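Coordinate analysis (summary)
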Amino acid sequence: MNSMIFKLVAESTLQTIEMVFWSTVFSLIMGLPLGVLLHVTDKEDQGGIIPKPVLNEILSRIVNILRSFPFLILMIVLMPVARFILGTTIGTRASVVSLSIAAAPFVARVIETSLKEVDPGVIQAAKAMGSTNWQIIVKVMLPEALPSLVSGVTLTIINLIGYSAMAGTIGGGGLGDLAIRYGYQRFRSDVMLAAVIVIIVLVEVVQFVGNKLSSRLLAKR
Amino acid sequence: MQIRLENLKRDYGSLHAVDGVSLNIPSNTVYGIIGRSGAGKSTLVRLVSMLERPDEGEVWYGDKRVDNLSKKELIEERRKIGMIFQNFNLFSSRTAAENIAYPMEICRKPKDWIKTRTEELLALVGLEGRGNAAVSTLSGGQKQRIAIARALACEPSILFCDEATSALDPQTTRSILALIKEIQKKMNLTVVMITHQMEVVRDACDRVAVLENGKVVEEGLVSDIFASPKSAVTKDFLSNLTNVKDSIVKLSDKTGHYTLRFSSSTTSEPIISRVTKETGALFNIVAAGVQYIEDKKYGVMVLDIGPDGETEKKAVEMLKRSGVTVERTVLEEEA
Ligand SMILES: Nc1ncnc2c1ncn2[C@@H]1O[C@H](COP(=O)(O)OP(=O)(O)O)[C@@H](O)[C@H]1O
Ligand SMILES: [Mg+2]
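What you see is a predicted model, and the numbers here were worked out from it, not measured in a lab. (Residues numbered from 1 in each chain as written. Chains lettered and ligands numbered in written order. Predicted model: local features only at pLDDT ≥ 70, side-chain atom pairs only at ≥ 80, totals over all residues. Heavy atoms only, no water.)

What follows deals with the overall build of chain A. A count of helical and extended segments in chain A gives nine helices and zero strands. Per-residue burial over chain A gives 45% buried out of 221 residues. A separation of at least 24 residues holds for 72% of the contacts in chain A among residues at least 6 apart in sequence. Accessible area of chain A: about 11400 Å², with a carbon and sulfur share of 69%. Averaging the coordinates of the 18 positive side-chain charges in chain A and doing the same for the 13 negative ones gives two points 5 Å apart. (Helix = DSSP H or I, 4+ residues; strand = E, 2+ residues; numbered from the N terminus. Buried < 20%, exposed > 50% of the residue type's maximum accessible area, 1.4 Å probe, protein only. Contact = heavy atoms within 4.5 Å. Areas by Shrake-Rupley, 256 points an atom, 1.4 Å probe, with all protein chains shown as cover. Lys, Arg positive; Asp, Glu negative; His and termini not counted. Charge placed at Lys NZ, Arg CZ, Asp CG, Glu CD.)

Residues and elements named next belong to chain A. In a regular helix each residue adds 1.5 Å, so 31 residues correspond to 45 Å; helix α9 (residues 189-219) covers 45 Å between its end C-alpha atoms and thus fits that length. Among the residues making up α9, those that are buried are V191, A194, A195, V198, L202, V206, G210 and S214. Looking at the packing, one finds that the buried side of α9 touches α1 (3-40), α7 (133-172) and α8 (174-184). (Expected span 1.5 Å × (residues − 1).)

Residue and element names in this part refer to chain A. All chains considered together, the criterion is met by 26 salt bridges over all chains. Residue R109 is joined to E112 by a salt bridge in which the shortest nitrogen-to-oxygen separation is 2.8 Å. Of the two residues, R109 and E112 are both situated in helix α5 (residues 92-116); the distance of three residues between them amounts to about one turn of the helix. For E112, a relative accessible area of 9% gives the class buried. (Salt bridge = Lys/Arg side-chain N within 4 Å of Asp/Glu carboxyl O.)

Further remarks concern the side chain of B:R150. Take B:R150: it is sitting in helix α5 (residues 140-152). Despite its burial, B:R150 pairs with no opposite charge, the nearest such side chain being A:E144 at 7.9 Å. Polar contacts involving the side chain of B:R150 include one to the side chain of B:N99, which spans 3.3 Å. Ignoring any residue separated from it by four or fewer positions in sequence, one finds B:R150 in contact with A:A125, A:M129, B:F88, B:N89, B:L90, B:F91, B:N99, B:I100 and B:P103. (Polar contact = N/O pair within 3.5 Å; in protein donor to acceptor, adjacent residues only side chain to side chain.)

Take the domain arrangement of chain B next. Reports of interface size often rely on the accessible area that becomes lost once the parts have come together. Taken domain by domain, chain B consists of domain 1 (3-226) and domain 2 (243-328). In this structure, domain 1 of chain B and domain 2 of chain B have C-alpha centres spaced 38 Å apart. (Domains from an automatic or database assignment.)

The next thing to look at is the site of ligand 1. All names here are of chain B. Contacts to ligand 1 come from Y12, L15, A17, R36, S37, G38, A39, G40, K41, S42, T43 and R46. Backbone polar atom of G38 to an oxygen atom of ligand 1: 2.6 Å apart, as the coordinates give it. Within the backbone of G40, one N or O atom sits 3.0 Å away from an oxygen atom of ligand 1. When isolated, ligand 1 has an accessible area of 570 Å², and the protein chains bury 58% of it. Put simply, the parts of the chain that give the shell around ligand 1 at least two residues each are β2 (15-25) and α1 (41-48). Of all the elements, α1 adds the most residues to the shell around ligand 1, at four residues. Split into classes, the residues belonging to the shell around ligand 1 amount to four nonpolar, five polar and three charged. (Near = heavy atom within 4 Å. Nonpolar A, V, L, I, M, F, W, Y, C, P; charged D, E, K, R; others polar.)

Below, the discussion takes up the sheet that holds strand β6 (residues 81-85) of chain B. All names here are of chain B. The sheet built from six strands is open, its strands ordered β6-β7-β8-β3-β9-β10 with mixed pairing. Each of the sheet's edge strands pairs with one partner strand only, and the pair in question is β6 and β10 (215-221). Across this sheet, the average inter-strand angle for adjacent strands is 15°, counted without regard to direction. Where strand β7 (residues 158-162) lies against strand β8 (residues 190-195), five bridges are found, and the strand directions are parallel. When the sheet's bridge partners are listed, I158 is paired in β8 with T190. (Pairing = 2+ DSSP bridges. Axes fitted to C-alpha atoms, helices over the stretch in contact; angles between N-to-C directions.)

Between chain B and chain A, the residue contacts involve 23 residues of the former and 20 residues of the latter. Taken over both partners, the interface formed by chain B and chain A buries close to 1900 Å², and the fraction arising from carbon and sulfur atoms is 55%. Across the contact surface, chain B and chain A share one salt bridge. Note that B:E105 is salt-bridged to A:K139, the shortest N-O span being 2.8 Å. Across the contact surface, chain B and chain A share ten residue pairs in polar contact (both at pLDDT 80 or more). Of all the secondary structure elements, the ones that give two or more residues to the side of chain B that touches chain A are α2 (71-78), β6 and α3 (96-106) of chain B. With four residues, the single largest contributor to the side of chain B that touches chain A is α3(B). Its residues assigned to classes, the side of chain B that touches chain A shows eleven nonpolar, four polar and eight charged. (Buried area = accessible area lost by both parts, 1.4 Å probe.)

Moving on: the sheet that holds β2(B). Residues and elements named next belong to chain B. Reading across the sheet, the four strands line up as β2-β1-β4-β5 and stay open at both edges, with antiparallel pairing between neighbours. Across the chains shown, the open sheet's two edge strands, defined by having one partner strand only, are β2 and β5 (64-65). Of the strands in this sheet, β1 (3-12), β2 and β4 (56-61) touch α1, which is tilted by about 125° from β1.

Turning our eyes to something else, we now look at the packing of aromatic side chains. Applying the stated criterion across every chain yields a total of four aromatic pairs over all chains. Ring plane angle 85° and centroid distance 5.0 Å describe the contact between A:F21 and A:W22, whose orientation is recorded as edge-to-face. By relative accessible area, A:F21 is classed as partly exposed at 48%. Plain terms: the ring middles of A:F71 and A:Y163 are 3.8 Å apart, the flat faces sit at 10° to each other, and that makes the pair stacked. With A:F71 in helix α3 (residues 71-77) and A:Y163 in helix α7, the pair connects residues that are 92 residues apart, well separated along the chain. Accessibility expressed as a relative area gives 9% for A:F71, which makes it buried. Sitting above the plane of the A:Y182 ring, A:R186 keeps its charged end 4.3 Å from the centroid. In this arrangement the basic side chain of B:R150 is found over the ring face of B:F91, its NZ or CZ atom lying 4.8 Å from the centre. (Phe/Tyr/Trp six-rings, centres within 6.5 Å; stacked < 30°, edge-to-face > 60°. Lys NZ or Arg CZ within 6 Å of the ring centre and 35° of its normal.)

Laid out in structure tokens, this is it:
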């Protein structure tokens, strides 16, 4: 592999990492509160501590609709949003906008599922001690669910690596972009192969670190 | 704190889980509420502890009505009670000490105050030095001790126990009950003890109410109920009690220095009388009963031997020769 390809792959890898990092951060900022809201407004027998059936139904519907969209279509639909925020629809920054928004509903469901696993008896005990709802969420629910939340975030990052490659194919930068421009349009199968291998390695590393972290947290309990 | 329940009702759909319960729970007592599984005990305790609102009826703590409080008052009032559960319900994300600290944290007590008080509470429940333990590394009895310490952190006047010993073996149950009784006296608590085990009522409660299908079918002093049970449920509970594997009745609070075990081969002879006659020993019986050890039945006596060391020695020797197992022991203060 000559140094030109190496440089291209290295640059694209950095772009992908940057893109995935920021879209993870932003999708968590949007998805975490949404996931918590989905859980606490659920029915009492589902572990909801502030049951709000109507709000819960509406949120749940919106999340489901967004999640059932094919990702590529969602990206295209979200292009105007990126244009509105950044003034452009191409490049890594534009991808971060649509990736974050597209991943947020996924994150919300992942968080909600983790919170549903928390022992209801523990929540009842916290309530009996006179905790406010905010204290139950922040001091009990989230810490109790932490190992599971870490697994959820790991899954989100892995998904975002895949999504970011797709975003690349519509001009978003990163490894997907590289694979399309060189591997596909210029028939450079070596570049294509390099991009694919790097993506696989990224996924493996994230999975490994995530598993380790989650089991370390569990072992301490 | 005295607790008064007036005609409490709670329905789940068409099911009357709690169906018109009126009770007077005097302050400074251990009050038992016994009933079979599904009788409505947990529902009742949730109503009384302000975790759930009754459909009808009133709950009074002393002169304060607490079943119709606003959200803010409710949180305020809940901080003045303690509660422990069958499954302990400790926070797995926190160490033993951090569990105890939780109720103090949510009341925004100062940090060093919390630290001192946590150490105090660990000592109170007999777990000094175990503060840093992860919850999962503790035994069931230790978990319940931590839960008790957590419940007592903000010095409540009422402690609710919902099947607090049901997940524990008989010996641990006894030690937890002893601890609750000790704490009740020390802190002048009103303890409401929910259970489906008559042993718990016998060993720990002053008064008891028997619950069946959401209704109180019998109520009174434990000694009265044991002497003359009226309802069929109570009789049933009591009849099960006679099959209890390990029933030693403690007759005195004094500690005995010897445990004698009579196996079936020795029980046909008047050994104690003979020893008294021949050695002049005086026996002071502290506790007695029947014990099953690995499915073998033993008569057990815990006693002191007097009047002096010389006689004591002779008597022990003679007992041993007669086939009685003699152990020098102290009858545990069960704490
Ligand atoms: N949240 C609930 N929703 C519906 N039914 C309930 C609920 N809680 C309890 N019940 C029912 O009420 C009855 C009494 O339950 P419970 O108070 O838990 O009894 P106990 O603690 O004496 O075993 C049971 O038949 C139970 O199925
Ligand atoms: Mg129950």
